[in-house]
Amino acid sequence: MIMSQKKRTIIEPFKIKIVEPLPMFTRSQRAEFLEIAGNNLFLIPARQVTFDFLTDSGTTAMSANQWGAMMVADESYAGSRSYEKFEKVVQSLTGYEHVIPTHQGRAAEHLLFSTVLKPGQKVPSNNHFDTTRANIEQLGCEAVDLVIDEASQPQLEHPFKGNICLKKLERFCEENIGNIPLGMITVTNNTGGGQPVSIENIRGAAKIYQKYNIPFFIDACRFAENAFFVKQRESEFKNSSVKNIVQTMFSLASGCVVSAKKDGLVNIGGFLALKKGDWVQGLRNRLILTEGFVTYGGLAARDLEALAVGLEEVLDENYLSYRLAVSQYMSDRLNKMGVPTLLPPGGHAVYIDAKKFLPHIPPHEFPGQALACELYLAEGVRSCEIGSVMFGAKKNGEFIPSKLELVRLAFPRRVYTQSHFDYILEGLEQVVEVKDKLKGFAFTYEPPFLKHFTARFKRL
Ligand SMILES: Cc1ncc(COP(=O)(O)O)c(C=O)c1O
């Protein structure tokens, strides 16, 4: 895909064994679908989408080894062989003794926070993902973002834009001593565009958390993508294996919460793992109440089998090199044709800066929505507006726009090929040609919260 330093093309490092037809339609058919869906891409059935870049979560193509492992799963209610396999893989990867499976990431978050947090407490991180924030806030606590200032400048290049600001963190811990039940870091930083966090930064944060006696948890959904960025960009690790970098990272923390729907290379699953046993009994009691017995936690044993294989497959450096090349390739090509993106590209997605691309559409007419709809009409691409539709607010009747107007193309793992991406880029050239003629949108139905999921729009 991209020419490496040795001028070799980075290829998809897999053969395709099972295929699924791509739904193909004409522009006028898509216009009809969009009209019926109230110009909201969330309301379009997947069968009407050609390239689905809505999310990288749970959309992975599994390998033959994963499907094979599913067939030998032991579906015993308690103490299944599949759990033992899964537990061993997580222990080896994280170094944490206590492994608690959950059906997805937010269940692990809910389990941890509802067991440990008390109303009025504060939880710092670089950036909390929205489910993490919601799970903290619904317990009457505060989720505090302390990412470095560079993260808020879309075009600024920085190798580790996901880093937590250590100065802010030290001050925060000092000021809130005794009221921080745990501290976090998200790798990669999804909220900030999938940006990586350096090991040096994680070490620094771990030291501060340790100084104030605060347990440190990593939200580690994209641990392998983060580790490969570390290998590429942090000189100390240029000769380390990805597994070694991952193990180094986890060794610095007290535990982790993981949505396995990303770097677990599975369609469903998650887990919580901890170095020490203090909270484990309480966590397991609550798990039994909400998710299921301690050795399956809301999953089928076959899901645990697939996950045990996925967690090892994801460490393959050929895979990771291809994986990170996808967003780099898309970002470079988009920039070359005059489509601005957040820089540098993150691991799992590119974010188009719709405010810069469509300056004639003001924020209250939703430039991100205009671009997302045009990408669907032109190409059958489903993307996600992350701008004033999602985050815009009204205060005393006045519209308060989102800071950024972005359109995210999140790439499912091992699903689309080089020619798919080239085809999309070809079509995008036509979008660039007509961009000044694109029109904004207005709500015809504005839900009271989480508007982007169910809102309906009219074209202005
Ligand atoms: C950083 C991060 N944390 C937590 C979650 C929540 O995981 P899940 O969707 O499996 O509940 C996500 C999902 O996108 C995420 O990106």
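A short tour of the structure in this document, coming up. Residue numbers here run from 1 along each chain, matching the order of that chain's written sequence. Per-residue local features of the predicted model are confined to residues with pLDDT of at least 70, and side-chain atom pairs are confined, for both listing and counting, to 80 or more; whole-chain, interface and lining totals are unaffected and use all residues. The side-chain quantities take in all heavy atoms of the structure and omit both hydrogens and water.

1. Examining the overall build of the protein
Helix and strand content of the protein: 17 helices and 16 strands. Radius of gyration (C-alpha) of the protein: 22 Å, near the 23 Å computed for a compact globule of 460 residues. Each principal axis of the C-alpha atoms in the protein carries an extent, and together these give about 60 × 55 × 45 Å. In what follows, a contact means two residues having at least one pair of non-hydrogen atoms within 4.5 Å. For the protein, the share of sequence-separated contacts (at least 6 apart) that also reach a separation of at least 24 residues comes to 71%. Only four residue types enter the tally: Lys and Arg on the positive side, Asp and Glu on the negative side; His and the chain ends are excluded. For charged residues, the charge sits on one atom: NZ in Lys, CZ in Arg, CG in Asp, CD in Glu. Positive and negative side-chain charges of the protein, numbering 53 and 50 respectively, have mean locations separated by a distance of 1 Å. Secondary structure counts use DSSP, requiring at least four H or I residues in a row for a helix and at least two E residues in a row for a strand, with both numbered from the N terminus. Within these notes, the globule rule equals 2.2 Å times the number of residues to the 0.38 power, and the radius of gyration is based on C-alpha atoms.

2. Observations concerning the layout of surface pockets
Here the term cavity refers to a set of points on a 1 Å grid, laid over the protein atoms alone, in which a 1.4 Å probe fits but cannot get out; the term pocket refers to an open set having protein on both sides within 12 Å along at least five of seven lines, with lining residues being those that place an atom within 4 Å of a point. Grid points are joined across faces, edges and corners, and a volume is the space filled by probe spheres set on the points. Its boundaries defined by the atoms lining it, the second largest pocket holds a volume of some 1300 Å³. Lining the second largest pocket we find 37 residues, and of these Ile 18, Ala 61, Met 62, Arg 414 and Val 415 sit closest to its centre. Residue contributions to the lining of the second largest pocket peak at 3 residues, all from helix 2 (residues 64-71).

3. Considering the pattern of salt bridges
Pairs can form between side chains of opposite charge once their charged atoms are near each other. Basic side-chain nitrogens of Lys or Arg form a salt bridge, by our definition, when they fall within 4 Å of a carboxyl oxygen of Asp or Glu. Evaluation of the coordinates by the stated rule reveals 21 salt bridges. In this structure, Glu 374 and Arg 27 form a salt bridge, with 3.2 Å as the shortest nitrogen-oxygen distance. With a gap of 347 residues between them, Glu 374 in helix 14 (residues 367-379) and Arg 27 in helix 1 (residues 27-36) connect regions that are remote in the sequence. Whether a residue is buried, partly exposed or exposed follows from its accessible area with a 1.4 Å probe, protein chains only, as a fraction of its type maximum: under 20%, in between, or over 50%, in that order. Note on Glu 374: relative accessible area 6%, which makes it buried. For Lys 168, the salt bridge goes to Asp 149, with nearest N and O atoms at 2.9 Å. You can see Lys 168 sitting in helix 6 (residues 166-175) and its partner Asp 149 sitting in the loop between strand 4 (142-145) and helix 6, a full 19 residues away along the chain. Owing to a relative accessible area of 23%, Lys 168 belongs among the partly exposed residues under this scheme.

4. Some thoughts on the side chain of Asp 263
Along the chain, the position of Asp 263 falls in the loop between strand 7 (255-259) and strand 8 (270-274). The definition of a polar contact used here is a pair of N or O atoms within 3.5 Å, where within protein one atom must be able to donate a hydrogen and the other to accept one, and adjacent residues in sequence count solely through side-chain atom pairs. A distance of 2.9 Å separates a polar side-chain atom of Asp 263 from the backbone nitrogen of Ala 224. Not counting chain neighbours up to four residues away, the residues in contact with Asp 263 comprise Cys 221, Arg 222, Phe 223, Ala 224, Glu 225, Gly 310, Leu 311, Val 314 and Arg 413.

5. Some words on the packing of aromatic side chains
Put simply, two rings from Phe, Tyr or Trp (the six-membered ring, in Trp's case) pair if the centres are within 6.5 Å, and we call them stacked under 30 degrees between planes, edge-to-face over 60, tilted for the rest. Using the criterion set out here, one finds 24 aromatic pairs in the structure. Centre to centre, the rings of Phe 25 and Phe 33 are 5.0 Å apart; their planes meet at 90 degrees, and the pair counts as edge-to-face. For Phe 25, a relative accessible area of 26% gives the class partly exposed. For Phe 33, a relative accessible area of 14% puts it in the buried group. Judged by centre distance (5.8 Å) and plane angle (35 degrees), the ring pair of Tyr 77 and Phe 293 falls under tilted. Within this pair, whereas Tyr 77 is found in the loop between helix 2 and helix 3 (81-94), its partner Phe 293 is found in the loop between helix 10 (280-290) and helix 11 (301-313), the two being separated by 216 residues in sequence. Look at Tyr 77 and you get exposed, because its relative accessible area is 55%.

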